[in-house]
Each structure stands twice: as structure tokens, then as C-alpha cells.
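Single-letter residue listing:
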Amino acid sequence: MASPMSASTFLKALRDEGLTVVQVGDWRTHNRNHKGPWGPVHGVMIHHTVTRGTAETVALCRDGRSDLPGPLCHGVIDKQGTVHLVGFGRANHAGMGDDDVLRAVIAEKALPPDNEANTDGNRYFYGFECINLGDGKDPWPAAQLTAIEQASAAVCRVHGWGARSVIGHLEWQPGKPDPRGFTMAWLRERVQERLK
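Predicted, not measured: the structure shown is a model, and the values here were computed from it. (Residues numbered from 1 in each chain as written. Predicted model: local features only at pLDDT ≥ 70, side-chain atom pairs only at ≥ 80, totals over all residues. Heavy atoms only, no water.)

Asks: For this particular structure, what's the right way to read the side chain of Gln-150?
Replies: Note that Gln-150 resides in helix 4 (residues 142-159). Classification of Gln-150 by relative accessible area gives buried; the value is 11%. Within polar-contact distance, the side chain of Gln-150 engages the backbone oxygen of Glu-17 at 2.9 Å. Residues contacting Gln-150, with those up to four places away along its chain left out, are Glu-17, Gly-18, Leu-19 and Arg-194. (Helix = DSSP H or I, 4+ residues; strand = E, 2+ residues; numbered from the N terminus. Buried < 20%, exposed > 50% of the residue type's maximum accessible area, 1.4 Å probe, protein only. Polar contact = N/O pair within 3.5 Å; in protein donor to acceptor, adjacent residues only side chain to side chain. Contact = heavy atoms within 4.5 Å.)

Structure representation (C-alpha cells):
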């Protein structure tokens, strides 16, 4: 079981991994903690945004929508590889997912198919939204992919986790397609290499 790191530790971990980080407003205290606990944390979840444009996407992920209040993640990774911190604490990003997947993440074992949605993932995962239309055609620039790898590794490094603690939304919640355009197996290989 791991308690969430502090906001200052999170910021330092990202910068120590070589990332360019933009702090957005009151990100350190912007969260959904009043809706339930955050932690223990067990992994990192990667998403795509289905949006264009950095400023608009960062605002959306910070503020949310009328049907889904923000923050919608902890960090937004733009096409240039910059991480925009929009919240810290419980965030509306993971939603309900499969408890068998959570157990596999905790044990750092291969993931089973996600075939039920019975567990609150917002409590257990750090979340990064990555700007991409998610249509399989919108490119993933090398700088952005490297930043996704770096951000994932930064969190894993602090907690002493391996790459199996990094999952995609599509591996957590049935019916979710994200991230689309690269495989999580490929990303985990890169994260594992970086953690050596």
C-alpha cells in the first residue's frame, strides 16, 4: 500500500525525470477529495483527450464539464511533451473499473481482461491525459511519447513500482478505447527500460 506523494514531491519527480512542467493555477489543492478518499495509490493511468489545442484542453481538464467536474486528471501532456499540472488529489479520470485488474496492478502481474466495472479507480490511480483525437490517425509526436514515458516512470520511481503499474484506461474500464495509437505493452517496455 502506498500513500499518495505530496504535490511538491510530484512536481520534483516530474522535473527530475527531465520533463518541462507548467503549473496551472491552484493545482496543488484542486481535487475531488470531498467525494471520497484518494489513496492508497497503486498505479498510473494513461488517457487520450479526444481534443485539439493545448490551451482549450488544459482548461477542460482543469475545470471539467457540467456532467463531469474537474480536475479530470493530474497532468495534461501536450503534443510538445510539456506536462501541465491541473490538479492533485482525487480526480475524475479513471471511473469505475475491474477489481481483478486492480489486484494485478498491485501484484505487478499481467493484466486480466477488464470485464466488469465494480471498483472506483479515481481513488487508486494517478492520471495523465494526453492530447490526441484518439481516432487512430492523429499522430503521436516523439516528444509527446517520450513525455508520457517520463511522467509514468517518474511516478513509478517515487513509489518503487515497476512498469506493470502503468495501465491504459482501456485496460481498466470495459468499453474505453484510450489511449489509441500506441500499445500499452510498448509503453511499459519503454518505462521499464527507463527505470533500470
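Picking up where we left off.
Asks: For this particular structure, what's the right way to read the sheet that holds strand 5 (residues 75-77)?
Replies: Two pairing modes exist for strands in a sheet, parallel and antiparallel, and in both the strands are linked by backbone hydrogen bonds. Ordered in space as 1-6-5-9-2-10, the six strands form an open sheet in which the pairing is mixed. The strands lining the two open edges of the sheet, one partner per strand, are strand 1 (21-23) and strand 10 (166-168). Put simply, the sheet's adjacent strands are angled 25° from each other on average, direction ignored. Here strand 2 (residues 43-48) runs beside strand 10; their pairing, made up of three bridges, is parallel. Across the sheet, the residue bridging to Val-44 is Val-166, located in strand 10. Across the sheet, helix 6 (residues 184-195) is in contact with strand 2 and strand 10; its angle to strand 10 comes to roughly 160°. (Pairing = 2+ DSSP bridges. Axes fitted to C-alpha atoms, helices over the stretch in contact; angles between N-to-C directions.)

Asks: Even after reading the chapter, I still don't get the nonpolar core, so can you show me in this structure?
Replies: Most often, soluble globular proteins have nonpolar side chains that are buried together. Ranked by size, the top nonpolar core spans 38 residues in total, and within it Phe-10, Leu-14, Ile-46, Tyr-126, Phe-128 and Ile-148 carry the most contacts. Contributing elements (two or more residues each) for this core: helix 1 (7-16), strand 2, strand 6 (83-85), strand 9 (125-130), helix 4 and helix 6. With eight residues, the single largest contributor to this core is helix 4. If sequence neighbours within four positions are ignored, Leu-14 has contacts with Leu-19, Val-21, Val-83, Leu-85, Phe-128, Ala-151 and Ala-154. Residues Val-101, Leu-102, Val-105 and Ile-167 belong to the second largest nonpolar core, which totals nine residues. (Core = buried A, V, L, I, M, F, W, Y, C linked by side-chain atoms within 4.5 Å.)

Asks: Is there a simple way to think about the packing of aromatic side chains in this case?
Replies: Here the structure, examined in full by the defined rule, presents 11 aromatic pairs. Considering the side-chain rings of Phe-182 and Trp-186, the 5.9 Å spacing of their centres and the 55° angle between planes classify their relative orientation as tilted. Looking at Phe-182, the relative accessible area reads 12%, which means it is buried. For Trp-186, a relative accessible area of 30% puts it in the partly exposed group. Among the aromatic residues, those joined into a ring-pair cluster are Phe-10, Trp-27, Trp-38, Phe-88, Tyr-126, Phe-128 and Trp-161. (Phe/Tyr/Trp six-rings, centres within 6.5 Å; stacked < 30°, edge-to-face > 60°.)

Asks: Sorry, what's going on with unusual backbone geometry here?
Replies: Phi is mostly negative for residues that are not glycine, and the peptide bonds are mostly trans. For the peptide bond that leads from Gly-39 to Pro-40, omega is 0°, which places it in the cis range. In this structure, Pro-40 sits in the loop between strand 1 and strand 2. Each neighbour pair has its own omega, and for Asp-178 with Pro-179 the value is 0°, a cis peptide bond. Its location among the elements puts Pro-179 in the loop between helix 5 (169-172) and helix 6. Despite not being glycine, Glu-108 has its phi angle at roughly 55°, a positive value. Assignment of secondary structure puts Glu-108 in the loop between helix 3 (99-107) and strand 8 (119-120).

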